[in-house]
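So you can see what is in the structure, the chains are spelled out below.
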Amino acid sequence: MTMVFLALAIVGVTAYLHLGWWSLIGYAVAAVVAVIGGWLLFKDVPEPPHSGTGASR
């Protein structure tokens, strides 16, 4: 979750500074950090329980 917040901080600083093309790099880095952070956050979430009969109730 920390990486997701870090990505939000990077976007905030990048938007505040208005550095032209450097902003594009900041947004790209933030996107990569957010995706990796989200993946790390949700990779350990267990699958919901289901019945073994194959019924979709």
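As the structure is a prediction and not an experimental result, all values here were calculated from the model. (Residues numbered from 1 in each chain as written. Predicted model: local features only at pLDDT ≥ 70, side-chain atom pairs only at ≥ 80, totals over all residues. Heavy atoms only, no water.)

Description of the side chain of Ser23
With respect to the element layout, Ser23 can be found in helix H2 (residues 21-42). The buried category is assigned to Ser23, whose relative accessible area is 9%. Of note is the side chain of Ser23, whose polar atom sits 3.1 Å from the backbone nitrogen of Leu19. Apart from residues no more than four positions distant in its own chain, Ser23 is found in contact with Thr14 and His18. (Helix = DSSP H or I, 4+ residues; strand = E, 2+ residues; numbered from the N terminus. Buried < 20%, exposed > 50% of the residue type's maximum accessible area, 1.4 Å probe, protein only. Polar contact = N/O pair within 3.5 Å; in protein donor to acceptor, adjacent residues only side chain to side chain. Contact = heavy atoms within 4.5 Å.)

Details of unusual backbone geometry
Of note in the backbone geometry, His18 takes a positive phi value of approximately 50 degrees without being a glycine. Look at His18 and you get exposed, because its relative accessible area is 66%.

Description of H2
Residues that lie three or four places apart on an α-helix share one face, since the helix turns once every 3.6 residues. The end-to-end C-alpha distance of H2, which contains 22 residues, comes to 32 Å, matching closely the 32 Å that a straight helix rising 1.5 Å per residue would cover. Taken residue by residue, H2 has Ser23, Gly26, Ala30, Val33, Gly37 and Gly38 as its buried positions. Projection of H2 onto a plane perpendicular to its axis shows the buried side chains occupying an angular sector of 130 degrees, all on one side. In H2, the exposed positions that point more than 90 degrees away from the buried face belong to Trp21, Leu24, Val35 and Trp39. On the buried face of H2, the contacting elements are helix H1 (2-17). (Expected span 1.5 Å × (residues − 1). Arc of directions from axis to C-beta.)

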